[in-house]
Amino acid sequence: MSRIYKAFENKKAFIAFLTAGDPDYEASLNNFRAVIEAGASLIEVGIPFSDPIAEGPVIQEADIRALASGMTTDKAFQLVKDIRKDYDVPIVFMTYANPVYHYGTERFFKNASEAGADGIIVPDCPFEERHEFDETAEKYGMDYISMIAPTSEDRIKTIASQAKGFIYVVSSLGVTGVRSEIKTDLESIISLIKESTDTPAAIGFGISTPEQAAKMSKIADGVIVGSAMVRIVAEHGSGAPDKLKSYVEEMTSAKNLS
């Protein structure tokens, strides 16, 4: 049984995203530790990239800060190794196709697996072109996480039927970022997913409040929060760990979330 599966076992998962190396290595490591200790079920470690097309300004700025501090793919792997010294929480990398290709696909997945990662999300890789990443991830014991967006339409069942680890359901069109309201008919999307697979489905993009988290957790197997947490890092600097811990505790106290 994979660690990712355990994140959803008998509970709704709270999935937390932070950018590796934001604002620097040690601060980033402390932020991840705080999030884990506060009760995150699974963490997404963003590998900073100069052209993160799926990200809004909050995460774009975090990528810039991380890159300016000297964060690299190898240092992101080391960050996961350091997290693994103390925690068994599921860890998934979030990155883009270009950094994987530039690093070398085989080498990337080998090193990511050895670092302790359980899966990977590549938002700019179309479903039809996933095979190299998917097959190499599987070779090294990692899950290639599929994304389903409101525009997936008649492909939803096909994507869901081949999904591994968990399914990242994109709540809204556009890039990542805090949203005051989510209007997408997510219940219909989740219903189509559940007709095709037992793989857990978690909703991300725009969730920032306990009320939103509680609402989304009623229809999905978990929620994903990124921009709201990255904003805390940007605003609070060295005081971010305490603020992140309080925020995660507040979010996971939402009904049905753990």
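What you are looking at is a predicted structure, and each value in this text was computed from that prediction instead of being measured. (Residues numbered from 1 in each chain as written. Predicted model: local features only at pLDDT ≥ 70, side-chain atom pairs only at ≥ 80, totals over all residues. Heavy atoms only, no water.)

Asker: An account of the overall build of the chain is needed here, citing residue identities and associated values.
Answerer: Looking only at helices and strands, the chain has twelve helices and nine strands in total. Relative to the compact-globule value of 18 Å for 258 residues, the chain shows a C-alpha radius of gyration of 17 Å, a close match. For the chain, the spread of C-alpha atoms along the three principal axes comes to 45 × 40 × 35 Å. Sorting the 258 residues of the chain into buried and exposed places 58% on the buried side. The long-range share in the chain, meaning contacts at least 24 apart out of those at least 6 apart in sequence, stands at 72%. For the chain, the computed accessible surface area is about 10900 Å², with 47% contributed by carbon and sulfur atoms. Once the 26 positive and 38 negative side-chain charges of the chain are each reduced to a mean point, those two points are 3 Å apart. (Helix = DSSP H or I, 4+ residues; strand = E, 2+ residues; numbered from the N terminus. Rg over C-alpha atoms; globule rule 2.2 N^0.38 Å. Buried < 20%, exposed > 50% of the residue type's maximum accessible area, 1.4 Å probe, protein only. Contact = heavy atoms within 4.5 Å. Areas by Shrake-Rupley, 256 points an atom, 1.4 Å probe, with all protein chains shown as cover. Lys, Arg positive; Asp, Glu negative; His and termini not counted. Charge placed at Lys NZ, Arg CZ, Asp CG, Glu CD.)

Asker: Describe the nonpolar core, with residues and values.
Answerer: Ile43, Phe93, Phe166, Ile193 and Met229 are the most contacted members of the largest nonpolar core, which has 93 residues in total. Looking at this core, the element that brings in the most residues is strand 1 (residues 13-19), giving six residues. Apart from residues lying up to four places away in sequence, Ile193 is in contact with Ile148, Ile156, Ala160, Ile167, Val169 and Ala201. (Core = buried A, V, L, I, M, F, W, Y, C linked by side-chain atoms within 4.5 Å.)

Asker: Go over the packing of aromatic side chains, please, and point to the residues and values.
Answerer: With the rule as written, the count across this model stands at twelve aromatic pairs. Seen from their ring centres, Phe93 and Phe108 are 6.5 Å apart, and the 65° between their planes marks the pair as edge-to-face. Here Phe93, found in strand 3 (residues 91-94), pairs with Phe108, found in helix 6 (residues 105-115); they are 15 residues apart in sequence, far enough to count as distant. For Phe93, a relative accessible area of 0% gives the class buried. Overall, Phe108 belongs to the buried group, its relative accessible area being 0%. Ring centres of Phe108 and Phe109 lie 5.4 Å apart, and the angle between their planes is 75°; this geometry places the pair in the edge-to-face category. Joined through ring pairs, the aromatic side chains of Phe77, Phe93, Tyr101, Tyr103, Phe108, Phe109, Phe133 and Tyr144 make up one cluster. (Phe/Tyr/Trp six-rings, centres within 6.5 Å; stacked < 30°, edge-to-face > 60°.)

Asker: An account of helix 11 (residues 227-236) is requested, with residue identities and associated values reported.
Answerer: For helix 11, every residue scored as buried is listed here: Ser227, Ala228, Met229, Val230, Ile232 and Val233. Elements that come into contact with the buried residues of helix 11 comprise strand 1, helix 2 (25-37), helix 3 (57-68), strand 9 (222-225) and helix 12 (240-252). In the stretch just after helix 11, Gly237 is the one whose phi turns positive, near 50°.

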